[in-house]
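Notes for the structure review
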Amino acid sequence: YFEDRSRNEYLLFGGWYGVLLLLLLGSMLMAVVMHQRSAAYYAAFIASTALMWALLNGLGYQYLWPDNVYLQNQGMHLSYLLFAFCAFQFSRHFLRLSGTLPQLDRVMWAMQLFMVATAVLRLLGNHQLVLILSYLALSSTMLLPVVGLLAWRRGVGHARWFCIAWLIYSMTLTLAVLNAATSFPDWSMDRILALVQAGTIVEVVLLMLAIGERVLQIEHERREALDLAHRDPLMGLGNRRRLVDAYQRLGRRFEQSGMPVFLGLIDLDEFKVVNDRYG
């Protein structure tokens, strides 16, 4: 029974960390190829998530830093702070808070500085105070659904997936905090952690969808800007850039297929008067 239980548990862990690894590689590729800073911050967020859960599950101590008791014990609070810091950094950039909600952006930046200062205190040897502060930092991520909602109301369309993702995670995290503080619901810690991990995997997948939607939006805006740059604002017709592009395209078609290309020129008498008046 123990071997079967252990095998099934490791199978679930393998699937869970495997999904995180795929999302991490995908986000890193997107950050490099498409020069998306949001994807880079998302990759840092996934890495901090995996590190935090490796500490909680004991897999880090078992496989990554075996026999390093100090890192296992001291790294727990630091992993909470790193997770919250990366979550805030990704959220601030992804939701474009500096432009949409500048005051809230400054508040979140101040909270990040607070997390860094708390980490420094932990490295200096303070334990009891940092324990409380690290839990507060972790709990502060439950406010991110509200931040996403405010950004969505300010016109950030891709914030909807962000809201849903963090709402699911916040619900599972709230349940875990209630269980730790009041023993409600009457579940085992393994069951609570499994629920939070399930919420985490749903969250990171939805955040990846949000990034994909943002990339598509950027591409749509780029195409619109390119179209406007090749169009005369007065008449709505193609300008000289579009004429040159079309002529070159037809020239290449002639070279490939032999289909002849004709260019017609029309001279309008007294058109200079119209051009001088209307630009």
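Residues numbered from 1 in each chain as written. Predicted model: local features only at pLDDT ≥ 70, side-chain atom pairs only at ≥ 80, totals over all residues. Heavy atoms only, no water.

**Regarding the overall build of the protein**
A tally of helices and strands in the protein yields 12 helices and zero strands. Taken from N to C terminus, the helices and strands of the protein fall in the order α-α-α-α-α-α-α-α-α-α-α-α. In terms of overall dimensions, the protein is more spread out than a globule: its C-alpha atoms have a radius of gyration of 27 Å, far above the 19 Å expected for 279 residues. Relative to its 279 residues, the protein shows a buried fraction of 34%. Considering only contacts in the protein between residues 6 or more positions apart, those separated by 24 or more positions represent 66%. If you sum the accessible surface of the protein, you get close to 17,600 Å²; carbon and sulfur atoms cover 66% of it. (Helix = DSSP H or I, 4+ residues; strand = E, 2+ residues; numbered from the N terminus. Rg over C-alpha atoms; globule rule 2.2 N^0.38 Å. Buried < 20%, exposed > 50% of the residue type's maximum accessible area, 1.4 Å probe, protein only. Contact = heavy atoms within 4.5 Å. Areas by Shrake-Rupley, 256 points an atom, 1.4 Å probe, with all protein chains shown as cover.)

**Overview of the packing of aromatic side chains**
As enumerated under the stated definition, the model contains 15 aromatic pairs in all. Measuring from centroid to centroid gives 5.9 Å for F83 and Y169, while their planes differ by 45 degrees, and the two rings are tilted. In this pair, F83 is assigned in helix α4 (residues 69-94) and Y169 in helix α9 (residues 159-182), connecting sequence segments 86 residues apart. Here F83 matches Y169 in class, with each residue buried. Aromatic pair W166 and Y169: ring centres 5.5 Å apart, planes at 90 degrees, arrangement edge-to-face. One end of the pair is W166 and the other is Y169, both in helix α9 and three residues apart, which spans about a single turn. Y169 shares its class with W166; the two are buried. Joined through ring pairs, the aromatic side chains of Y42, F45, F83, F90, F94, F162, W166 and Y169 make up one cluster. (Phe/Tyr/Trp six-rings, centres within 6.5 Å; stacked < 30°, edge-to-face > 60°.)

**Focus: unusual backbone geometry**
Positive phi, close to 70 degrees, is recorded for D67, a residue that is not glycine. Positionally, D67 belongs in the loop between α3 (59-64) and α4. On the basis of relative accessibility, which here comes to 68%, the residue D67 falls in the exposed class. One non-glycine residue with positive phi stands out, namely R96, at about 55 degrees.

**With respect to the side chain of T49**
By the secondary structure assignment, T49 is in helix α2 (residues 37-57). Exposure remark for T49: the relative accessible area of 1% places this residue in the buried category. If near-sequence neighbours (up to four positions away) are discounted, T49 is found in contact with W16, F83 and T200.

**Details of the pattern of salt bridges**
Taken as a whole, this structure holds eight salt bridges when the rule is applied. Residues E219 and R222 are paired through a salt bridge, measuring 2.8 Å at the closest nitrogen-oxygen approach. One end of the pair is E219 and the other is R222, both in helix α10 (residues 189-229) and three residues apart, which spans about a single turn. Assessed through its relative accessible area of 43%, R222 is described here as partly exposed. Here K272 ties to D276 by a salt bridge, and the two come within 2.8 Å at their closest N and O atoms. Residue K272 and its partner D276 are located together in helix α12 (residues 271-278), separated by four residues, close to a single helical turn. Because the salt bridges share partners, they merge into one network encompassing E219, R222 and R223. (Salt bridge = Lys/Arg side-chain N within 4 Å of Asp/Glu carboxyl O.)

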